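# Topology and contacts: notes
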Amino acid sequence: MFVGLLVVVPLTGCSTKKDVRLLQEEIARLAERQEAAMASLEALTAATQDTIRGQSESLFSLRGETLRALNQIRDDLTILQELTGQNQRDLAAIRDQLEGGGFASGAAAGAAAGALTGLMTDSSGSAVVDVQPTAAGADAMYQAGVRQLSRGSLSAARMAFEEFLATYPSHESAASARLYLADIMVQEDDLEGALQAFLEIPELHPTSPEVPQALYRAAVIHLELGDADQARALLERVVNSYPDSGAAILAQERLREIG
């Protein structure tokens with residue numbers, strides 16, 4: 001019996017040492033996994049902080065750009081208001097001079113109103129004043145419209161181009177302004193108004209390089225409105241009258257599509 005006990009005790013001691021060793025190995029593995037998890041957590045935390053920092057910088061930059069855009073819009077509107085007011089003041093001065101009989105020559109009118117280039121006479125012999133506002137004002141108003149359109153401010157752009165065309169109908173950029181204005185109407189889903197605006201360009205500015213594009217855009221609107229015959233006539237006009245234009249290439253493709 002004592003011999004059996006002696007045999008059991010050593011075996012139990014060996015088993016305990018093995019269990020302790022296995023436990024130590026398991027603890028070591030857990031420690032390694034914990035360290036790896038902590039390293040991953042630290043990396044994730046750093047990445048999150050970088051993302052938050054980057055987003056904060058982006059928001060700050062966006063806020064600055066938005067403020068600059070709003071300031072530019074305000075400046076453009078101020079320019080438009082000033083130009084409109086100046087034109088009204090010029091016309092009022094001219095009217096006052098005409099009513100008081102103060103115009104003797106184009107030079108005197110220019111001195112009085114600041115915008116008069118001369119006197120013309122109509123068929124009845126009455127004096128007619130030819131007002132030519134300043135080129136700087138025309139360029140400022142036109143560029144204000146372009147800037148507003150590029151920012152997507154359709155209402156402000158439309159107001160600028162309408163005022164530009166009302167004040168400077170014969171300006172070298174008038175055809176371009178009409179093209180921009182027609183495009184705004186398309187974006188506003190005013191297809192009838194856009195169609196009329198596009199067709200006014202070849203009528204009012206027949207020598208303008210904008211004519212082929214205006215005719216092509218008008219043809220596209222006719223197609224959208226279901227009028228293939230009118231569209232075909234305009235497309236053929238572009239191909240035949242302006243064969244070297246980029247619009248002619250597009251017109252040929254459209255003609256092949258509608259047959």
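Residues numbered from 1 in each chain as written. Predicted model: local features only at pLDDT ≥ 70, side-chain atom pairs only at ≥ 80, totals over all residues. Heavy atoms only, no water.

### As for the overall build of the chain
When its secondary structure is counted, the chain shows nine helices and two strands. What you see in the chain, going N to C, is helices and strands ordered as α-α-β-β-α-α-α-α-α-α-α. Per-residue burial over the chain gives 29% buried out of 259 residues. Look at the contacts in the chain between residues 6 or more apart in sequence, and 44% of them connect residues 24 or more apart. With the model as given, the accessible surface of the chain reaches about 16,300 Å², and the carbon-plus-sulfur share is 56%. (Helix = DSSP H or I, 4+ residues; strand = E, 2+ residues; numbered from the N terminus. Buried < 20%, exposed > 50% of the residue type's maximum accessible area, 1.4 Å probe, protein only. Contact = heavy atoms within 4.5 Å. Areas by Shrake-Rupley, 256 points an atom, 1.4 Å probe, with all protein chains shown as cover.)

### So, the packing of aromatic side chains
Following the criterion strictly, the structure yields five aromatic pairs and no others. Seen from their ring centres, Tyr142 and Phe164 are 5.5 Å apart, and the 55° between their planes marks the pair as tilted. Here the residue Tyr142 occupies a position in helix H3 (residues 135-150), and Phe164 occupies one in helix H4 (residues 154-167), the gap between them amounting to 22 residues. Of the two residues examined, Tyr142 and Phe164, each falls in the buried class. Pairing Phe161 with Tyr180 gives two aromatic rings, centres 5.2 Å apart and planes at 10°, and the pair type is stacked. Here Phe161, found in helix H4, pairs with Tyr180, found in helix H5 (residues 174-187); they are 19 residues apart in sequence, far enough to count as distant. By way of ring pairs, the aromatic residues Tyr142, Phe161, Phe164, Tyr168 and Tyr180 are connected into one cluster. (Phe/Tyr/Trp six-rings, centres within 6.5 Å; stacked < 30°, edge-to-face > 60°.)

### Overview of the packing of helix H7 (residues 211-224) against helix H9 (residues 246-258)
Look at H7 against H9: their axes get within 9 Å of each other, and the N-to-C directions meet at 20°. Regarding the angle of H7 to H9, the classification is roughly parallel. Crossing hand, H7 versus H9: left-handed. Contacts between H7 and H9 involve Pro212, Gln213, Tyr216, Val220 and Leu223 from the former and Ala247, Leu250, Ala251, Arg254 and Ile258 from the latter. When the residues that make up the contact of H7 with H9 are grouped by side-chain class, the tally is eight nonpolar, one polar and one charged. (Axes fitted to C-alpha atoms, helices over the stretch in contact; angles between N-to-C directions. Parallel < 35°, antiparallel > 145°, perpendicular 65-115°, else oblique. Left-handed = near helix turned anticlockwise from the far one by under 90°. Nonpolar A, V, L, I, M, F, W, Y, C, P; charged D, E, K, R; others polar.)

### Some words on the side chain of Arg178
Assignment of secondary structure puts Arg178 in helix H5. Engagement of the side chain of Arg178 in a polar contact is seen with the side chain of Glu200, the distance being 3.5 Å. Apart from the residues within four sequence positions on either side, Arg178 is in contact with Leu165, Glu200, Ile201, Leu204 and His205. (Polar contact = N/O pair within 3.5 Å; in protein donor to acceptor, adjacent residues only side chain to side chain.)

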